[in-house]
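Take a look at the letters that make up each chain.
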Amino acid sequence: MSCRQTQELLDAYIDKELDVVNTLEFERHLSECSGCRAMYDQYQQVHDSVKSQLSYFQAPAQLENRIHAQLRSAARDRDAVVQKEWFPHWRSWAMATAVAVVLTLGTLVFKRSQQFSGTQLLADEIVSSHVRSLMANHLVDVPSSDQHTVKPWFNGKLDFAPVVKDLSERGYPLTGGRLDYIDNHSVAALVYKHRQHTINLFLWPSSGADSGPHNLTIKGYHVVYGTRSHMIYWVVSDLNAADLGEFVREVEK
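Remember, it's a predicted structure, so these values are computed and weren't measured experimentally.

**Q** Outline the sheet that holds strand 1 (residues 142-143), supporting the account with residue identities and numerical values.
**A** Spatially, 7 strands are ordered 1-2-3-4-7-6-5 in an open sheet, and the strand pairing comes out antiparallel. The sheet is open, and its two edges are formed by strand 1 and strand 5 (211-218), each paired on a single side. Across 7 bridges, strand 6 (residues 221-228) lies against strand 7 (residues 231-237) in antiparallel orientation. Residue pairing in the sheet places Val223 in a bridge with Val236 of strand 7. Contacting strand 3 (185-194), strand 4 (197-205), strand 5, strand 6 and strand 7, helix 8 (residues 241-252) runs over the sheet at an angle of about 155° to strand 7.

Shown next, in the form of structure tokens:
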């Protein structure tokens, strides 16, 4: 396994998503390559540190208790209907409707919590990749301020063509691009600058409708994400929120 392959599989290894063969190859390379081992140690520390700062949505205990209480009450009422033939039919229908409403509410709360947690986990991965690119001296694979040099470089390396914009006149010069590995697939990472601040723009295709932008702050980094023209974008930087928002507006045009 090469150093490049090892770097691309760092996230998957730390998340224990590699199969046995790739895990053994990965660990063998780490034992033989001091540079990759140092990178792994740094990234593991950053990964653990960022993850410790995340807060996940959890439904309040009162809501869970209320749902269980209503379900038990509805079940008792249902049993009473079965045992007493004189019980009004409309009341039985009302109890059944109440059960359906409670179950639907519980399902929606659960799905919402899962969606929120998934977004936070992806944001964690995005911030970690940004920090790793700065620490590992692997910010760009193709260093260039020319969009016509950076865009063709991705040909044959990705199954989509990322949009590469020249935003130098807006104060956000392009410095290059690289391949990255986010959410279990290869993505395009475009690197811009604003004064002394580095901006990572991650892109990959989406079949969903346009949405966002949405804003997060994780461990001092501002993160903006959304979907535009069938392309998911994630932007991360230590740049202030106002200037990063202006950058995102230029990207969305």
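**Q** Please set out the packing of aromatic side chains residue by residue, giving values where relevant.
**A** Under the definition given, this model contains 5 aromatic pairs. When the ring of Trp153 is compared with that of Phe154, the centres are 5.1 Å apart and the planes differ by 80°; the resulting orientation is edge-to-face. You'll find Trp153 and Phe154 in the same group, each marked buried. Taken together, the aromatic side chains of Tyr172, Tyr192 and Phe247 make up a single cluster linked through ring pairs. It is Lys157 that lies over the ring of Trp153; its NZ or CZ is 4.4 Å from the centre.

**Q** How would you summarise the pattern of salt bridges if you had to cite specific residues and measurements?
**A** Where charged atoms of side chains with opposite charge meet at close range, the side chains can pair. Inspection of the entire model under this criterion finds 10 salt bridges. A salt bridge links Arg195 to Asp243; the nearest nitrogen and oxygen atoms lie 3.1 Å apart. On the criterion of sequence distance, the pair formed by Arg195 in the loop between strand 3 and strand 4 and Asp243 in helix 8 is long-range, its members being 48 residues apart. When its relative accessible area of 57% is taken as the criterion, Arg195 is described as exposed. Sharing partners across several salt bridges, the network here consists of Arg132, Arg178 and Asp180.

**Q** Please provide a residue-by-residue account of unusual backbone geometry, values included.
**A** Residue Pro213 is reached from Gly212 by a cis peptide bond, and omega for that bond is 5°. Backbone geometry places Arg195, a non-glycine residue, at a positive phi of 55°.

**Q** If you had to explain the side chain of Arg132 to someone new, which residues and values would you point to?
**A** Here Arg132 lies in helix 6 (residues 89-135). By relative accessible area, which is 10% here, Arg132 ends up buried. Setting aside residues no more than four positions away along its own chain, Arg132 makes contact with Leu10, Asp11, Tyr43 and Asp180.

**Q** Residues and numbers for the pairing of strand 7, please.
**A** With 7 of 7 residues buried, strand 7 is to be regarded as a mostly interior element. Remark: 2 residues form the turn of the hairpin made by strand 6 and strand 7, two consecutive strands paired antiparallel; Ser229 in that turn has positive phi of roughly 55°.

Cut-off values and rules
Note on numbering: residues in each chain are counted from 1, in written sequence order. With the structure being a predicted model, the display of local features is reserved for residues of pLDDT at least 70 and the display and counting of side-chain atom pairs for 80 or more, all residues being used for whole-chain, interface and lining totals. Values shown for side chains rest on all heavy atoms present in the structure; no hydrogens or waters enter the calculation. Strands were regarded as paired on the criterion that DSSP finds at least two bridges between them. Only DSSP runs of H or I reaching four residues or more are called helices, and only runs of E reaching two or more are called strands; each is numbered from the N terminus. The contact definition used throughout considers only heavy atoms, calling two residues in contact when any of these lie within 4.5 Å. Inter-axis angles, ranging from 0 to 180 degrees, are taken between N-to-C directions of lines fitted to C-alpha atoms, where helices are fitted over the stretch in contact. Paired rings are identified among Phe, Tyr and Trp, the last through its six-membered ring, by centres lying within 6.5 Å, and are further divided according to the angle between planes into stacked (under 30 degrees), edge-to-face (over 60) and tilted (the rest). With a 1.4 Å probe rolled over the protein chains alone, any residue whose accessible area is under 20% of its type maximum counts as buried; one over 50% counts as exposed, and the rest are partly exposed. Put simply, a charge is over a ring when the Lys NZ or the Arg CZ is close to the ring centre, within 6 Å, and near the line of the ring normal, within 35 degrees. A carboxyl oxygen of Asp or Glu within 4 Å of a side-chain nitrogen of Lys or Arg is what we treat as a salt bridge.

Function cannot be read off these values alone, since they describe shape.
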